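The lines below spell out each chain.
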Amino acid sequence: MTRTAPEDRSTPQRRPHLPLRPLWLCRVCAGPWPCPVARLALRQEYADDQIALSIYLCTVLHDAAADLYRLNPHDGPDPAALFTRFLGWAAPVRGGSSGAGPASRRAGSR
């Protein structure tokens, strides 16, 4: 007896890497959220609007800090670590060869 897959099951469904609150771990890989897969998905989703991505990440940073502090008020989350985890990776990459930065202005004013 051969079992055939229905048409809608022919491709595996991928689960989105979303946060498990209030722990702020990834629901799929159990890593600290945003995990690398979630970061990639967020970069793709907000590819045309870096400001919206930053605003979204600030919002979830605020929620995560409150949740994590509630879970452990005596040894709350480190603000610098939370910043790096939620916002540090999303900073736009700036090209270093444009020559328009502050260092080039100082060098040109001599």
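Residues numbered from 1 in each chain as written. Predicted model: local features only at pLDDT ≥ 70, side-chain atom pairs only at ≥ 80, totals over all residues. Heavy atoms only, no water.

Q: Would you mind showing me how to read the state of the cysteines here?
A: In protein structure, a disulfide is the covalent linkage between the sulfur atoms of two cysteines. One pass over the structure, following the stated rule, counts zero disulfides. Lacking any disulfide linkage, C26 is separated from the closest cysteine sulfur, that of C29, by 3.6 Å. A relative accessible area of 4% places C26 in the buried class. Here C35 stays free of any disulfide, with the sulfur of C26 as its closest cysteine sulfur at 3.7 Å. (Disulfide = S-S within 2.5 Å. Buried < 20%, exposed > 50% of the residue type's maximum accessible area, 1.4 Å probe, protein only.)

Q: Sorry, what's going on with the environment of P32 here?
A: Within the element layout of this structure, P32 appears in the loop between β2 (25-26) and α1 (36-45). Separated by 13 residues in the primary sequence, P32 and P19 have C-alpha atoms spaced 8.4 Å apart. With residues near it in sequence (within four places) discarded, P32 still touches W24, L25 and R85. (Helix = DSSP H or I, 4+ residues; strand = E, 2+ residues; numbered from the N terminus. Contact = heavy atoms within 4.5 Å.)

Q: Would you mind showing me how to read the pattern of salt bridges here?
A: Pairs can form between side chains of opposite charge once their charged atoms are near each other. Within this structure, the stated rule accounts for three salt bridges. In this structure, D67 and R70 form a salt bridge, with 3.0 Å as the shortest nitrogen-oxygen distance. Of the two residues, D67 and R70 both sit in helix α2 (residues 50-71), three residues apart, roughly one turn of that helix. The class of D67 is buried, set by a relative accessible area of 7%. Taking the relative accessible area as the measure of exposure, R70 reaches 60% and is therefore exposed. A network of salt bridges, in which partner residues are shared, links R21, D63, D67 and R70. (Salt bridge = Lys/Arg side-chain N within 4 Å of Asp/Glu carboxyl O.)

Q: Hey, could you run me through unusual backbone geometry in this one?
A: Glycine aside, negative phi is the norm for most residues, and most peptide bonds take the trans geometry. Cis geometry marks the peptide bond from R21 to P22; its omega dihedral reads 10°. For the peptide bond that leads from W33 to P34, omega is 5°, which places it in the cis range. Examined against the element boundaries, P34 turns out to sit in the loop between β2 and α1. Non-glycine residue W24 carries a positive phi angle of around 55°. Structurally, W24 is set in the loop between β1 (19-20) and β2. Even without glycine at this site, A30 takes up a positive phi of about 65°. In this fold, A30 is placed in the loop between β2 and α1.

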